[in-house]
Amino acid sequence: MVEWTEQERTTITNIFTNLNYEDVGPKALCRCLIVYPWTQRYFGAFGNLYNAEAIMSNPNIAAHGITVLHGLDRAVKNMDNIKATYAELSVLHSEKLHVDPDNFKLLSDCLTIVIAAKLGKDFTPETQATFQKFLAVVVSALGRQYH
Amino acid sequence: MSLTAKDKDTVKAFWAKIAGKADDIGTDALSRMLVVYPQTKTYFSHWKDLSPGSAPVRKHGQTVMGGVADAVKKIDDLSAGLLSLSELHAFTLRVDPANFKILSHNILVVLATMFPTDFTPEVHVSVDKFLAALSRALSEKYR
């Protein structure tokens, strides 16, 4: 089981309490699709992804970015049992969405960059360590049910 | 995934904006690496102080960013340009190349915190590709 210190729990809760989902969600997903263009393979039905401007003004992508970011809420609320909490979502990503689990790390790296840009100096090395640890646990849980 | 002409122009233009802060970038990136990826501390057991912003960290951050600056100048032929640095890393330092990715990631994080408006997704992808190409050139002589 993953151990969390009180400091780590506070850090994660603070980040998500002060999060503007409507801003960060779209930014993180757009960045992922631009920086790692092969991830666009999962968004064929979302409309125009022809270039960076098209991606960043695509309303379907923006909406989906918000959905994905809210998907992290259940991890924040269940930090002591992330693995079980994401079992169902893991099955969904494997059997229905057929997402290569390597992509989870790519999106989580982009989310880290977006949060870093938002928090600036407040994104201290310790905060970064905690945030990346949190995302790594979620990423692992999402890949758990693949077979 | 080689650098396009657009990537090179983007990197050079962005570097011009940030070069003045190279030392701070180097210090912060290295500090973060040592905290967030503690296994990287194994390469610095000879330093007295591994805490963020310490004197050895600052000095080494300068050295590393000096290498990056040099790479920007030699962006058209990184393998040739970074030959001696590759030999240094391969035969003397013997840094596991997996760590190049780790340091690159931390450089990107620092760029995001220090230049939130300039570090757009387009700049991000070009810089990411550049750091990957740099890392490849650094790994040339390993085996």
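Residues numbered from 1 in each chain as written. Chains lettered and ligands numbered in written order. Predicted model: local features only at pLDDT ≥ 70, side-chain atom pairs only at ≥ 80, totals over all residues. Heavy atoms only, no water.

For the rest of this paragraph, the subject is the nonpolar core. One finds A:F16, A:F134 and B:F130 to be the most contacted residues of the largest nonpolar core, which totals 75 residues. Here the element with the most residues in this core is helix 6 (residues 98-114) of chain B; it accounts for nine residues. What A:F134 contacts, discounting residues up to four positions off in sequence, is A:W4, A:I12, A:F16, A:L72, A:A75, A:V76, A:M79 and A:I82. Core analysis: the next-biggest nonpolar cluster, separate from the first, contains 16 residues, A:C32, A:I34, A:F43 and A:I61 among them. (Core = buried A, V, L, I, M, F, W, Y, C linked by side-chain atoms within 4.5 Å. Buried < 20%, exposed > 50% of the residue type's maximum accessible area, 1.4 Å probe, protein only. Helix = DSSP H or I, 4+ residues; strand = E, 2+ residues; numbered from the N terminus. Contact = heavy atoms within 4.5 Å.)

Next up on the list: the state of the cysteines. By definition, a disulfide links two cysteine residues through a covalent bond between their sulfur atoms. Residues and elements named next belong to chain A. Tallied over the full model, the rule gives zero disulfides over all chains. With no disulfide of its own, C110 has C32 as its nearest cysteine by sulfur position, at a separation of 4.6 Å. Residue classification places C110 among the buried residues on the basis of a relative accessible area of 0%. (Disulfide = S-S within 2.5 Å.)

So, on to the UniProt feature "domain: Globin" (unreviewed entry) in chain A. The UniProt feature table records "domain: Globin" (unreviewed entry) at residues 3-147 of chain A. Measuring from the first to the last C-alpha atom of residues 3-147 of chain A gives 27 Å, for a span that is 69% helix and 0% strand. (UniProt positions renumbered as here; feature names shortened; annotations may be inferred.)

On the UniProt side, "domain: Globin" (unreviewed entry) is annotated at positions that read residues 2-143 of chain B here. Within the segment residues 2-143 of chain B, helix and strand shares are 70% and 0% respectively, and the terminal C-alpha atoms sit 21 Å apart.

Residue and element names in this part refer to chain B. Here the structure, examined in full by the defined rule, presents 11 salt bridges over all chains. The closest approach of N and O atoms between D7 and K129, which form a salt bridge, is 2.7 Å. In this pair, D7 sits in helix 1 (residues 5-18) while K129 sits in helix 7 (residues 121-139), placing the two residues 122 residues apart along the sequence. The class of D7 is buried, set by a relative accessible area of 7%. Assessed through its relative accessible area of 21%, K129 is described here as partly exposed. For D118, the salt bridge goes to K17, with nearest N and O atoms at 3.4 Å. Taken together, the positions of D118 in the loop between helix 6 and helix 7 and K17 in helix 1 put the pair 101 residues apart, joining distant regions of the chain. (Salt bridge = Lys/Arg side-chain N within 4 Å of Asp/Glu carboxyl O.)

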